[in-house]
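# Structural characterization, general
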Amino acid sequence: MKTVSIVKIGGNVVDSPEALARFASAFASMEGPKILVHGGGKEATRLGERLGIPATMLEGRRVTSADTLEVVTMVYAGLINKRIVALLQREGCNALGLSGADGKAIQATRRPAAPVDYGFVGDISPDGVNAALLSALIEQGLVPVVCAITYDGDGGLLNCNADSVASAIATSMARTRPARLVYCFEQPGVMEDIDNPASLIPHIDPALYAALKERGTVSRGMLPKLDNAFRAIECGVESVVIKHADNLLSGTGTTLSK
């Protein structure tokens, strides 16, 4: 059985029409079965401000009030998801946009209010991923494009971290077929100095990761990305790579291993 690639795109790439178009072209040319997971960039923040709903962030994660949930659902599951699908269709990639609620693709559990209340934010596990649905879509020649809006099973929607969504999908798919996970954003990978691309760390294992955290080399938004990546490896995902979106088809980036 062919390895399925779960590719997550986010960061400033989603906000840049030029960067997103370049990525869509590269992703469409990737061989083999694949799934695309995307974040929301700053589009939801801009729309929220226009509607008088300012964004609140804690430890790099968005606090999702009831009003904010409406905004992120409109933007993530609507505008951005369909924008990406349309770009892929132009490149000859038959993409199908999904939220977690569609086809019971991803069910999540609302995060407890203590110690920090993030509002309508969901936590997911591989058990909440409908791998059978995703596999069936792939077998039909479709490419699932999944946003980070999920459902709770009780009629409600939840906003999830897109890195966590990608990790959960990869882990769930790895139970029945080989799977690899690729995180793409606007940096070349994990770097010793965020302002120096030449400081790219080509390989990280758990021991080095612990040291990097202790030194403060990795923090904020990179922490959940790396935590999810190592969790996926421990659960059977073949490989995890963090790289620049422009390098999707090249070997450059940071590779994580046991």
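Small disclaimer: the values here were computed from a predicted structure and weren't measured. (Residues numbered from 1 in each chain as written. Predicted model: local features only at pLDDT ≥ 70, side-chain atom pairs only at ≥ 80, totals over all residues. Heavy atoms only, no water.)

## What about the pattern of salt bridges?
As a reminder, the rule being used: The salt bridge criterion pairs a side-chain nitrogen of Lys or Arg with a carboxyl oxygen of Asp or Glu, the two atoms within 4 Å. Note on conventions: DSSP H or I runs of at least 4 residues are helices, E runs of at least 2 residues are strands, and numbering of each starts at the N terminus. Exposed residues in this analysis have more than 50% of their type's maximum accessible area, buried residues have under 20%, and partly exposed residues fall in between, with area computed by a 1.4 Å probe over protein chains only.
What the rule picks out here adds up to 12 salt bridges. Across the pair Asp-163 and Lys-8 runs a salt bridge whose closest N-O atoms are separated by 3.1 Å. With Asp-163 in helix H6 (residues 162–173) and Lys-8 in strand S1 (residues 4–9), this pair connects stretches of sequence that are 155 residues apart. The two residues Asp-163 and Lys-8 agree in class, both being buried. Here Arg-22 ties to Asp-246 by a salt bridge, and the two come within 3.1 Å at their closest N and O atoms.

## What about the pairing of strand S11 (residues 179–185)?
Side chains on a regular strand alternate between the two faces of the sheet. We apply this condition: Here, any two strands with at least 2 DSSP bridges between them count as paired.
Counting buried residues along S11, six of its seven residues qualify, which places the element largely inside the surrounding structure. Across six bridges, S1 lies against S11 in parallel orientation. When the bridges of S11 are listed, Val-7 appears paired with Val-182. Pairing analysis gives six bridges linking S11 to strand S13 (residues 239–244), with the strands arranged parallel. Note that in S13 the partner of Cys-184 across the bridge is Lys-243.

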